[in-house]
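Chains, contacts and geometry: an overview
One-letter residues, chain by chain:
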Number of protein chains: 4
Amino acid sequence: MSTGRLEAFSDGVIAVAITLLVLNIQVPAIHPHGPPGECRTLGCALARQWPVYAAFVTSFLTIGIIWINHHVMIRRLGEPDHMILFLNLLLLMSIAVLPFATNLMATYLKQSSGQHLAAAIYSGAFLAMAVFFATLNRHLLLIKPDRLSEEIPAERRRRILARSISGVIPYAIATALAVVSPYVTLAICAALAVYYAFPIGSGGAAAET
Amino acid sequence: MSTGRLEAFSDGVIAVAITLLVLNIQVPAIHPHGPPGECRTLGCALARQWPVYAAFVTSFLTIGIIWINHHVMIRRLGEPDHMILFLNLLLLMSIAVLPFATNLMATYLKQSSGQHLAAAIYSGAFLAMAVFFATLNRHLLLIKPDRLSEEIPAERRRRILARSISGVIPYAIATALAVVSPYVTLAICAALAVYYAFPIGSGGAAAET
Amino acid sequence: MSTGRLEAFSDGVIAVAITLLVLNIQVPAIHPHGPPGECRTLGCALARQWPVYAAFVTSFLTIGIIWINHHVMIRRLGEPDHMILFLNLLLLMSIAVLPFATNLMATYLKQSSGQHLAAAIYSGAFLAMAVFFATLNRHLLLIKPDRLSEEIPAERRRRILARSISGVIPYAIATALAVVSPYVTLAICAALAVYYAFPIGSGGAAAET
Amino acid sequence: MSTGRLEAFSDGVIAVAITLLVLNIQVPAIHPHGPPGECRTLGCALARQWPVYAAFVTSFLTIGIIWINHHVMIRRLGEPDHMILFLNLLLLMSIAVLPFATNLMATYLKQSSGQHLAAAIYSGAFLAMAVFFATLNRHLLLIKPDRLSEEIPAERRRRILARSISGVIPYAIATALAVVSPYVTLAICAALAVYYAFPIGSGGAAAET
């Protein structure tokens, strides 16, 4: 197994997952002569499902960032062993699950029941992704440094890993705060996505590229 | 990050988005003994959903064109910086959203309510795509010309960029005309798709290839 | 635009289209205490939707064959011009539409209304695919032979093209026979798929590989 | 046809199939004031559909393993003949069908009717996949060893093939035991997925890598 194939397959899964997100955006029905409380115009109906767009953009950017970071990580790898393939598969599974988690979040955000759990699962899916990513990075940088494509000083390896692990923290906080409010959880996840995606954010992919 | 990976991932997202468009074409139900006004034959039912096909073909060709242009653009690039990755991600997001926008257009085109907004959003999605494309091209050609894979004279860079920016105009017009009639908007978008896709059209990909 | 990118994008669209076919296979509901005529067991319900499987296998194999033939064709190409990109996009569109055509066929095959039209559209989609394929091959072999990666004697080019064009005929017949019976149309399409896919069939990909 | 293209297309189909699995995980509706027996909380509703998650994880890991094994197999191949393309297409078809089989299993596992058949089909789909894989490997190693990219001693070829064939047995057992209990079938499939995926399992991909 070459890293080329590992990248190609991972790219495929990530590209499909990121594009499947759009299936969560439904064309709303309108009821021009419906009762008060129902949307009578398309504008109203589209505006009312704003959680769908917010969750879509957040998930899209987050998957885009993990894709960038994934390549930075894999580029360091000489040849994968079986543990790396396994951890990578778990990482891909946590990404593949995001269209569901995104849909769950968008569906329940404004509900009066289930909204806290939905937010915790949404943020928890990102948390799982960050944990698998850090685990994979740890295996690569600390346990199997002989498989790196070129030698990296131990000091630098620890620094890369520390940043990778620190990426777990904000998602843990966002997940914990789902008890308080699902809006807070979504806001944190969205802010992280914009921060890391936007070239000014220095803690994310930019620093590693 | 190599341009090869950037292309491979972009190709993946574009290929999935263009193929997901087909999910908008539903198999219609027929009512052989239904009331007048309902379709009693499959031919009638299929013919009645013509906006679905019109929007499908328009979106399919438009995504196909943006794919061609995307490669012409990326081929000029030596190595992407983080801003390029970010702008490319926004471009991909505007493409990934098209199956929804296409569905919205097809669903509301013949309705007596919401049809103007649906057309504006449909054309607006193409407009966003054209804007992100021009922005990415501008960053590449004007701000970071040192990242080009081979030097391009300033004169030629400005000409390429001017054409890229001028591609925004017809979609802006189509979006504005949605106030008048959604049919006009769809007709403009369809005409642009055919014009650029067809090898005779000189303003689109043909000129750059 | 290199042929590598053309192949990669075409592969992506074909791979997504062939895999989306599975979405047409629905998990049936059963009615253990339903009225006579309804399926009371899963076995009955699954058996009853046999047209879904027949259409799935036929379309899957047919797309698989077109994928093989597509590569044989593109491998001969040195560098694509814009007409080739355009014709290839039309070919991909005819492939991307197959999940819908397959669903239409499977849904209406056993109906007493619409079954002939559904079969004609199903077979007609394959016909369109064959026509676009032959057109693309013709452009490549006759009109732009200077773009071939290596010279092919005129005699051999005509022979390849003749075979490519003759592939249109059986689908034209299958489409015409939809007037008689949709079962005949499906049987012809299925037989063609098996004949070309199976390594013994000498008229299909085997001969060109 | 090069093995590179064969791998790229196979990768595409497998990546789409593995990612489409997520569409089986539906966002459940809750009925806060519903009758007893209905779920009143999201936690209850999500917990109740545990078969969906169990089947998802099992199928995801199994497809991930077949992807790894597929590459180990194809890497040995010099140039594919038409029989290899055909057998590979059948293998891909058995993989592409898994989102349906997974959905069937998850839907009927807890039902009092159809659960045995659903489990047999689920496990039977894995069985078919294992059979096609072994057949492809047999063709490659025994019938066409001259197409291998580098010579492999007959002894070692037989050993690889024996392991490939022995992979069929547990799925045959799991399918047979569907008569007894669908839970047993799912448990065996899940155990196999974890055993082969987890780096400690020595009978699966690990041994071949």
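Presented here is a report on the structure given in the accompanying data block. The structure displayed is predicted, hence computed values, not measured ones.

To continue, consider the overall build of chain A. Check the secondary structure of chain A and you find 10 helices and zero strands. Moving toward the C terminus, one meets the helices and strands of chain A in the order α-α-α-α-α-α-α-α-α-α. When its C-alpha atoms are laid out on the principal axes, chain A stretches across 70 × 35 × 30 Å. Considering only intrachain contacts with a sequence separation of at least 6, the fraction spanning at least 24 residues in chain A is 75%. When the accessible surface of chain A is summed, it comes to about 7,800 Å², and 64% of that surface belongs to carbon and sulfur atoms. Measuring between centres, the 14 positive side-chain charges of chain A sit 8 Å from its 10 negative side-chain charges.

Once that is clear, we can look at the layout of surface pockets. Reported here for the second largest pocket is a volume of approximately 570 Å³. The set of elements that each furnish at least two residues to the lining of the second largest pocket consists of helix H1 (3-20) of chain A, helix H1 (3-20) of chain B, helix H1 (3-20) of chain C together with helix H1 (3-20) of chain D. Along the lines of polarity and charge, the residues of the lining of the second largest pocket split into 15 nonpolar, eight polar and eight charged.

Here we come to the packing of helix H5 (residues 98-108) of chain C against helix H6 (residues 115-143) of chain C. Residue and element names in this part refer to chain C. Orientation of H5 relative to H6, taken along the N-to-C sense of each, is 155°, at an axis distance of 8 Å. As far as their axial angle goes, H6 and H5 are roughly antiparallel. Considering how the two elements wind past one another, H5 and H6 form a crossing that is left-handed. When H5 is examined against H6, the residues Leu98, Ala101, Thr102, Leu104, Met105 and Tyr108 are found in contact with a partner set consisting of Gln115, Ala118, Ala119, Ile121, Tyr122, Ala125, Phe126 and Met129. Of the residues in the contact of H5 with H6, the class split is 12 nonpolar, two polar and no charged.

Okay, the interface of chain B and chain A next. Facing the 32 residues of chain B at the interface are 36 residues of chain A. Surface buried jointly by chain B and chain A totals about 3,000 Å² across both partners, of which 82% is contributed by carbon and sulfur atoms. Connecting chain B to chain A are two salt bridges. Here Arg5(B) and Asp11(A) are joined by a salt bridge, their closest N and O atoms 2.5 Å apart. On the surface where chain B and chain A come into contact, there are four residue pairs in polar contact (both at pLDDT 80 or more). For the side of chain B that touches chain A, the secondary structure elements donating two or more residues are H1, helix H4 (82-96), helix H5 (98-108) and helix H6 (115-143) of chain B.

Right, let's get into the relation of the copies chain C and chain B. The operation relating chain C to chain B is a screw motion whose rotation component is 90°, with 0.0 Å of axial translation and a residual RMSD of 0.0 Å. A rotation of that kind, with that shift, is consistent with a four-fold axis. Of the interface residues in chain C, just 12% have counterparts in chain B that sit at the interface too, so the contact is made through distinct surfaces.

Let us look at the interface of chain C and chain B. With 32 residues of chain C at the contact, the number on the chain B side is 36 residues. Between the two partners, chain C and chain B, sit two salt bridges. For Arg5(C), the salt bridge is made with Glu7(B), and the minimal N-O distance between the two is 3.0 Å. Counting only elements with at least two residues in the side of chain C that touches chain B, the list comes to H1, helix H4 (82-96), H5 and H6 of chain C. Taken together, the residues that form the side of chain C that touches chain B break down as 25 nonpolar, six polar and one charged.

For the rest of this paragraph, the subject is the packing of H6(C) against helix H8 (residues 168-176) of chain C. Residue and element names in this part refer to chain C. Contact pair H6 / H8: the axes reach a minimum separation of 8 Å and the direction vectors enclose 160°. Considering their axes alone, H6 and H8 lie roughly antiparallel with respect to each other. Once H6 is placed against H8, the crossing between them reads as left-handed. Residues Ala120, Ser123, Gly124, Phe126, Leu127, Ala130, Val131 and Ala134 of H6 lie in contact with H8, whose contacting residues are Val168, Tyr171, Ala172, Ala174 and Thr175. Considered class by class, the residues forming the contact of H6 with H8 number 10 nonpolar, three polar and no charged.

Take the relation of the copies chain B and chain A next. Take chain B, turn it by 90°, move it 0.0 Å along the axis, and it overlays chain A with an RMSD of 0.0 Å. In this assembly, only 12% of the residues forming the interface of chain B have copies in chain A that are likewise at the interface, indicating a heterologous arrangement.

Now for the environment of Cys189(A). All names here are of chain A. Here Cys189 shows up in helix H9 (residues 182-197). As a C-alpha pair, Cys189 and Phe126 span 63 residues in sequence and 8.5 Å in three-dimensional space. If we skip the residues at most four places from it in the chain, Cys189 touches Thr58, Tyr122, Ser123, Phe126, Tyr171 and Ala174.

Moving on, we come to the arrangement of the chains. Contact between chain A and chain C is absent, and the minimum C-alpha spacing across the pair is 9 Å. Between chain B and chain D there is no contact, and the shortest C-alpha to C-alpha distance separating them is 9 Å.

Turning to the packing of aromatic side chains, a few remarks are in order. Per the counting criterion, the structure on display carries 28 aromatic pairs over all chains. Aromatic pair Trp67(A) and Phe9(B): ring centres 4.0 Å apart, planes at 15°, arrangement stacked. Here the residue Trp67(A) occupies a position in helix H3 (residues 50-75), and Phe9(B) occupies one in helix H1, the pair thus bridging two chains. Look at Phe9(B) and you get buried, because its relative accessible area is 1%. An aromatic cluster of three or more residues is present, and its members are Tyr122(A), Phe126(A) and Tyr171(A).

A few words now on the pattern of salt bridges. Applying the stated rule across the entire model yields 12 salt bridges over all chains. Residues joined in a network through salt bridges with shared partners are Arg5(A), Glu7(D) and Asp11(D).

Once that is clear, we can look at the nonpolar core. Judged by nonpolar contacts, the single largest core of 302 residues is most densely connected at Phe60(A), Phe60(B), Phe60(C) and Phe60(D). Looking at which element gives the most residues to this core, the answer is H6(C), with 13 residues. For Phe60(A), the residues in contact, after removing those within four places along its chain, are Ile18(A), Leu21(A), Leu89(B), Leu92(B), Met93(B) and Ala96(B).

Next up on the list: the state of the cysteines. Residues and elements named next belong to chain C. One pass over the full model with this rule turns up four disulfides over all chains. For Cys39, the disulfide goes to Cys44, at an S-S distance of 1.9 Å. Judged by the torsion about the S-S bond (-65°), the Cys39/Cys44 disulfide is left-handed. Assessed through its relative accessible area of 6%, Cys39 is described here as buried. Exposure remark for Cys44: the relative accessible area of 28% places this residue in the partly exposed category.

For H5(C), the tally of buried residues reaches nine of 11 residues, placing the bulk of the element in the interior. Contacts from the buried residues of H5(C) go to helix H2 (42-48) of chain B together with H1, helix H3 (50-75), H4, H6 and helix H9 (182-197) of chain C.

On to the side chain of His70(A). Residues and elements named next belong to chain A. Within the secondary structure layout, His70 lies in helix H3. Separated by 2.8 Å, the side chains of His70 and Asn88 make a polar contact. Apart from the residues within four sequence positions on either side, His70 is in contact with Ser10, Asn88, Leu91 and Phe133.

Conventions adopted
Residues numbered from 1 in each chain as written. Chains lettered and ligands numbered in written order. Predicted model: local features only at pLDDT ≥ 70, side-chain atom pairs only at ≥ 80, totals over all residues. Heavy atoms only, no water. Helix = DSSP H or I, 4+ residues; strand = E, 2+ residues; numbered from the N terminus. Contact = heavy atoms within 4.5 Å. Areas by Shrake-Rupley, 256 points an atom, 1.4 Å probe, with all protein chains shown as cover. Lys, Arg positive; Asp, Glu negative; His and termini not counted. Charge placed at Lys NZ, Arg CZ, Asp CG, Glu CD. 1 Å grid on protein atoms, 1.4 Å probe; cavity = no way out; pocket = protein on both sides within 12 Å on 5 of 7 lines; lining within 4 Å. Points joined across faces, edges and corners; volume = space filled by probe spheres on them. Nonpolar A, V, L, I, M, F, W, Y, C, P; charged D, E, K, R; others polar. Axes fitted to C-alpha atoms, helices over the stretch in contact; angles between N-to-C directions. Parallel < 35°, antiparallel > 145°, perpendicular 65-115°, else oblique. Left-handed = near helix turned anticlockwise from the far one by under 90°. Buried area = accessible area lost by both parts, 1.4 Å probe. Salt bridge = Lys/Arg side-chain N within 4 Å of Asp/Glu carboxyl O. Polar contact = N/O pair within 3.5 Å; in protein donor to acceptor, adjacent residues only side chain to side chain. Least-squares fit on C-alpha atoms with pLDDT ≥ 70 in both. Phe/Tyr/Trp six-rings, centres within 6.5 Å; stacked < 30°, edge-to-face > 60°. Buried < 20%, exposed > 50% of the residue type's maximum accessible area, 1.4 Å probe, protein only. Core = buried A, V, L, I, M, F, W, Y, C linked by side-chain atoms within 4.5 Å. Disulfide = S-S within 2.5 Å.

Geometric descriptors of this kind do not, in isolation, establish any biological role.
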